[in-house]
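What follows is each chain in one-letter form.
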Amino acid sequence: AQERQRSSTQGRQGQESTPPMPKRPPAATPGAPGAAKVPRWSSASVASAIALAYAAGLGSRVLLPAGGDPPPSTADAFSHTTHPDMATDGFNWTQLSMSRANNFPSGTIKYLDAATIKERGAMHAWHTTFARSIPALVSGLGDDVAASFSGWRREDYRRHWGEKDVVVAFSPDEMFQRGVLRSGLRRLQAPHRQRMRFDAFLDAQAESERVIPPLEHVAVQQSPSRDLSDFGLPPLPPFVEELVSPTLQARNLWVAAPPKTSVLHYDWQDSVLLQVSGTKRFTLIDPARLHTAYPAVMLMENLVRTGAGQFEPRLTSREVDNFPLANITHPDYDRHPLLRDAHVMTVEVPAGSALFLPAYWFHQVESFAAPGELNVAVNYWFQGHSLATRLYRTLRENVFVNCTLPAAPGQLHPCRNSVLPEDEG
């Protein structure tokens, strides 16, 4: 992909002002005559080059080899990305390319209501939110749905949903994903997942709660459904059916007895989340400053449940790239100084409301419910294909920390945990 990009750039020389993307310099002694230097391009030039590269089909992730000169004593976490300078200059990419500052006041999201969407139409909602990559809390969008489940206890769900199959996740604690360090390399640890009847899920949940703290945490997590109407839930989100249905990719059911946390990550699709019961708290990071979260590529480790509260880790060959290194609720600014510049916001989604969440927005999700009740939500993933999403996809494919490579001799790994477990030294 880099060779195609260089050929394309050479063919355009003299026809446009955008300079070619900088190439990695050959090994040379710093300061020596003839030593290669990396040009410093303006942020506007880099942003233009990214857009051109994507348009030309050059957005695929390309890792540079780890060889060459030994890295300096102060390691750059982004030294293995395609274009390291892109992650450290601190541009607001979307503001440069889309003049977004005027339509997105710092520290807030949009607040809409179902009556406005019903009056102005789904496409008006699209142009004011997903098209500009702006999340929105929509009050009243699911009021009728939430009302039909109001006051339901676990036995009500057992009576109505007990025979239905769902995908259930088992975790040692309330954090249903986490980064772990194994043999000096960071991995993403994912919970045990299996399909079972909903009444079996309730039984497992009740069994885990017989002791304090619970033996394990159990939740219906990202359980796909072809038609949510089997659960008495809408197959498409109300009032925006024409927006979601043409490119709908998945319908997911989420059920938990708090506490439950889905740690910071992003999704590749646009999403409409409809809160049915309880409340969810979303902590968001604006992808216009995506690098401040330290996006990373790492291998996945699955937990295999061998008994109640007993798990064994199993390494897989799957690479995941949507879980960053930064911890948004317990930030380590010494390890991740760029996080100070992140655009972070928090929004609570009560029952009857919906959250419009554009693709590539980092989000951490905490679930809450009244004692004896369940937190229930559904979300609909679809592909909106906005210009903002395409820009973030290109940026994301070129800016990441590679956690699959070993640390350089004499250096701590950039993907290490903030506090190392005792068995890892």
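Thresholds, definitions, all that
Residues numbered from 1 in each chain as written. Predicted model: local features only at pLDDT ≥ 70, side-chain atom pairs only at ≥ 80, totals over all residues. Heavy atoms only, no water. Disulfide = S-S within 2.5 Å. Helix = DSSP H or I, 4+ residues; strand = E, 2+ residues; numbered from the N terminus. Buried < 20%, exposed > 50% of the residue type's maximum accessible area, 1.4 Å probe, protein only. Pairing = 2+ DSSP bridges. Axes fitted to C-alpha atoms, helices over the stretch in contact; angles between N-to-C directions. Salt bridge = Lys/Arg side-chain N within 4 Å of Asp/Glu carboxyl O. pLDDT = per-residue confidence, 0-100. Contact = heavy atoms within 4.5 Å. Lys, Arg positive; Asp, Glu negative; His and termini not counted. Polar contact = N/O pair within 3.5 Å; in protein donor to acceptor, adjacent residues only side chain to side chain.

Enquirer: When you look at the state of the cysteines in this model, what are you seeing that I'm missing?
Expert: Any covalent bond linking the sulfur atoms of two cysteines counts as a disulfide. In the structure shown here, the tally under the stated rule is one disulfide. Residue pairing for C403: its cysteine sulfur links by disulfide to C415, the two sulfurs lying 2.1 Å apart. Because the torsion about its S-S bond is -90°, the bridge between C403 and C415 counts as left-handed. On the criterion of sequence distance, the pair formed by C403 in the segment after β18 (401-402) and C415 in the segment after β18 is long-range, its members being 12 residues apart. Both residues of the pair, C403 and C415, count as buried.

Enquirer: Explain the sheet that holds strand β7 (residues 217-224) to me, please; I cannot follow it from the model alone.
Expert: Whether parallel or antiparallel, the strands of a sheet pair through hydrogen bonds between backbone atoms. Pairing is mixed in the open sheet, where nine strands are placed in the order β1-β2-β15-β10-β17-β8-β7-β3-β6. The outermost strands of the open sheet, each flanked by one partner alone, are β1 (110-113) and β6 (192-197). Averaged over neighbouring strand pairs, the angle between their axes works out to 25° when direction is ignored. Where strand β8 (residues 248-256) and strand β17 (residues 375-382) come together, eight bridges link them in antiparallel fashion. Bridge pairing in β17 places L248 opposite F382.

Enquirer: When you look at the pattern of salt bridges in this model, what are you seeing that I'm missing?
Expert: It is possible for side chains of opposite charge to pair when their charged atoms get near one another. Here the structure, examined in full by the defined rule, presents 13 salt bridges. Across the salt bridge formed by R159 and D156, the nearest N and O atoms sit 2.6 Å from each other. Note that R159 and D156 are positioned in helix α7 (residues 154-161) at a spacing of three residues, about one turn of the helix. For D156, a relative accessible area of 17% gives the class buried. With a closest N to O distance of 3.0 Å, R158 and D203 form a salt bridge. Of the two residues, R158 is situated in helix α7 and D203 in helix α8 (residues 198-208); the sequence distance between them amounts to 45 residues. Linked by salt bridges that have partners in common, E155, R158 and D203 make up one network.

Enquirer: How should I be thinking about the sheet that holds strand β11 (residues 279-285) in this particular structure?
Expert: The strand order across the open sheet built from four strands is β9-β16-β11-β14, with neighbouring strands paired in antiparallel fashion. Each of the sheet's edge strands pairs with one partner strand only, and the pair in question is β9 (260-265) and β14 (344-349). Averaged over all adjacent pairs, the angle separating strand axes in this sheet is 15°, with direction ignored. Judged from the seven bridges that link them, β11 and strand β16 (residues 362-368) form a sheet pairing that is antiparallel. Paired with L284 across the strands is H363, a residue of β16.

Enquirer: Help me understand the confidence of the model for the chain, please; the structure alone is not making it clear to me.
Expert: Interpretation of this model should avoid reading the predicted coordinates in detail wherever pLDDT is low. Across the chain, the average pLDDT comes to 80, with 72% of residues at or above 70. Confidence over residues 82-105 falls short of pLDDT 50; this stretch has 70 contacts with residues more than four positions distant or in other chains. Contacts of residues 418-425 to residues separated by more than four positions or lying in other chains number eight contacts, the stretch itself having pLDDT below 50.

Enquirer: What is the right way to look at the environment of R178 in this model?
Expert: Tracing the backbone shows R178 in strand β4 (residues 178-182). With 84 residues separating them in the primary sequence, R178 and S262 have C-alpha atoms 9.0 Å apart. Setting aside its immediate chain neighbours within four residues, R178 contacts D173, R187, L188 and Q189.

Enquirer: So what exactly am I meant to see when it comes to the side chain of D270 here?
Expert: Along the chain, the position of D270 falls in strand β10 (residues 270-277). The charged side chain of D270 is buried without a salt bridge, its nearest counter-charge being R393 at 8.2 Å. A polar atom in the side chain of D270 sits 3.1 Å from the backbone nitrogen of G384. Apart from the residues within four sequence positions on either side, D270 is in contact with W126, F130, L357, P358, A359, Y380, W381, F382, Q383, G384, H385 and T389.

Enquirer: Looking at this structure, how should I read the pairing of β9?
Expert: Within a regular strand, side chains alternate between the sheet's two faces. With six of six residues buried, β9 is to be regarded as a mostly interior element. Pairing between β9 and β16: four bridges, direction antiparallel. What sits directly across from H265, in β16, is H363.

Enquirer: Please clarify how α8 should be interpreted in this entry.
Expert: Quick reminder: α-helices carry 3.6 residues per turn. Residues three or four places apart thus point the same way. Turning to α8, its buried residues are F198, D199, F201, L202, A204, Q205 and S208. Packed against the buried residues of α8 are α7, β3 (165-171), β6, β7 and β8.

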